[in-house]
Structures are given as C-alpha cells and as structure tokens.
Amino acid sequence: FNPKYPIRIVETATPNRHCEGMFYGFMRGYEGQPISLTPEMVDFSQAMLIQDTFSNAYFDTITADFSNAVSLWGAFQQHKAVNQEKTTRAIYLKVTEKCTNFTGAFNQCSNLEELQFTADSIIAAQIDVADCKKLSHESLMSILYALKDGANLTCTLGKLNLAKLTDAEKAIATQKGWTLA
C-alpha cells in the first residue's frame, strides 16, 4: 500500500464520514512487508466513525489524527482467528473529547507494544487496553495523561499493565476521577 496520491476522508457515502472496515484484514505491504500508515497517506482528521477500520489489519505502525472522530468502536481489534504474530506493533493517535466510544477498540491486540496519544489528546470515554499485555510503560503513561479531568469513568488497563505502574503513577488517573481496573 503506497498510494500515488494521498487519501483524504472528507466525504463518504454516509453523511457522518463513516470509515467502517476501510483497512479490515489488510495483511501486507510491498512484497509482503508490513508498512507504516501515516497521515500523509490517509488523512482521517475529518472522519467521524472509525469503526472496525483497522480490524485484523497488519501494519507495522499506524499514525492517525482522529480529532473529529466520535467513535473508535472496534477500530483496531484483532480477532482470534488471525495469526497473532502478524498484528500491528504500534499505534500513535490524536483524539479529542468528541470521541465518546472506545468500545472494543483494542480488543485482542495482544502484540501491540506501543499505544501513544498526542500531548493534546483527551480521552473522555471508558477505554479498555487489558488485552494489550505488551504495552510499554511509556504507552501506559500516555494513556493516563490523556484521561480527561473529572470524567468519573473507568480505564481498564488489566492486571499485567497495572503492575507496571507505581502507586504515584496510578494516582494520575484517580486524581482525575477515573477508576483504574
């Protein structure tokens, strides 16, 4: 996948700029090598529904601006039937408080090592990364820093990821009103 011209999501068949399944099952780049998806390749900044967009996809990294997204439902989930050795390694995202649905976004992403949110990202909905057992400490901190103040929601990191954090680091979330699970 190396588009001659960049793809910009400005209008789709539905009025809400729905990108469901756009890269579903994408498994190889040039000569079977994994590739990195960048905002210069595909501009998602105007897309609103990023549902199942990258499910079962195999990119080395995905970097995307989802600043207008309202839902990342199942966006990156990997189904058990897929060869778990060939899954996305790193995801770098920008999200805003417009996004109210992270349900299943990172389900079964057992090989995901990096999940980084930009410094100006705001996570304003419950998020669950418990299946992402290989996340780096830096990734976990990125999630905690992006949590919206006063949200009174749950951030599910899972037992293995929670063990990677100190009590002081966990307090970043709890002082913002979040429950860590």
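Source: prediction; values computed, not measured.

**Q** Is there a simple way to explain helix α3 (residues 167–174) in this structure?
**A** Note that an α-helix has 3.6 residues per turn; residues three or four places apart therefore point the same way. Listing the buried residues of α3 in full gives E169, A171, I172 and A173. In this structure, the buried residues of α3 make contact with α1 (137–146) and β9 (179–180).

**Q** Can you walk me through the pattern of salt bridges in this structure?
**A** Opposite charge on two side chains lets them pair, provided their charged atoms get close. Here the structure, examined in full by the defined rule, presents two salt bridges. For K94, the salt bridge identified is with D120, shortest N-O distance 3.2 Å. Of this pair, K94 sits in strand β5 (residues 90–95) while D120 sits in the loop between β6 (114–117) and β7 (127–128), and the two are 26 residues apart along the sequence. The class for K94 is partly exposed, based on a relative accessible area of 23%. One salt bridge in this structure joins E97 and K148, with 2.8 Å as the shortest N-O distance. Residue E97 is found in the loop between β5 and β6, and its partner K148 is found in the loop between α1 and β8 (154–156); the two are separated by 51 residues along the sequence.

**Q** Is there a simple way to explain the sheet that holds β9 in this structure?
**A** Within a beta sheet, neighbouring strands are joined by backbone hydrogen bonds and run either parallel or antiparallel to one another. The three strands lie next to each other as β7-β8-β9, forming an open sheet whose pairing is parallel. Pairing within the sheet leaves two strands with one partner each, and these edge strands are β7 and β9. Sheet topology places β8 next to β9; two bridges connect them, and they run parallel. By the bridge assignment, T154 is partnered in β9 with T179.

**Q** Hey, could you run me through the side chain of S139 in this one?
**A** By the secondary structure assignment, S139 is in helix α1. Here S139 falls in the buried class, since its relative accessible area comes to 0%. A distance of 2.9 Å separates a polar atom in the side chain of S139 from the backbone nitrogen of L115. Residues within four places of S139 in sequence aside, it is in contact with E113, E114, L115 and Q116.

**Q** When you look at the nonpolar core in this model, what are you seeing that I'm missing?
**A** Buried together is how nonpolar side chains tend to be arranged in soluble globular proteins. Judged by nonpolar contacts, the single largest core of 51 residues is most densely connected at F44, F54, F66, L72, F76 and F106. The set of elements that each furnish at least two residues to this core consists of β4 (61–66), β5, β6, α1 and α3. The element best represented in this core is α1, accounting for five residues. Those residues in contact with F106 that lie beyond four places of it in its chain are F76, I91, L93, L112, L115, I127, D128, V129, D131 and C132.

**Q** How should I be thinking about the packing of α1 against α3 in this particular structure?
**A** Geometrically, a packed helix pair is captured by the angle between its two axes and the distance between the axes. In contact at an axis separation of 8 Å, α1 and α3 are set at 30° when each is read in the N-to-C sense. Between α1 and α3, the crossing angle belongs to the class labelled roughly parallel. Viewed along their axes, α1 and α3 form a crossing whose handedness is left-handed. Along the contact surface, α1 presents H137, M141, L144 and Y145, while α3 presents E169, I172 and A173. Taken together, the residues that form the contact of α1 with α3 break down as five nonpolar, one polar and one charged.

Rules and cut-offs
- Residues numbered from 1 in each chain as written.
- Predicted model: local features only at pLDDT ≥ 70, side-chain atom pairs only at ≥ 80, totals over all residues.
- Heavy atoms only, no water.
- Buried < 20%, exposed > 50% of the residue type's maximum accessible area, 1.4 Å probe, protein only.
- Helix = DSSP H or I, 4+ residues; strand = E, 2+ residues; numbered from the N terminus.
- Contact = heavy atoms within 4.5 Å.
- Salt bridge = Lys/Arg side-chain N within 4 Å of Asp/Glu carboxyl O.
- Pairing = 2+ DSSP bridges.
- Polar contact = N/O pair within 3.5 Å; in protein donor to acceptor, adjacent residues only side chain to side chain.
- Core = buried A, V, L, I, M, F, W, Y, C linked by side-chain atoms within 4.5 Å.
- Axes fitted to C-alpha atoms, helices over the stretch in contact; angles between N-to-C directions.
- Parallel < 35°, antiparallel > 145°, perpendicular 65-115°, else oblique.
- Left-handed = near helix turned anticlockwise from the far one by under 90°.
- Nonpolar A, V, L, I, M, F, W, Y, C, P; charged D, E, K, R; others polar.

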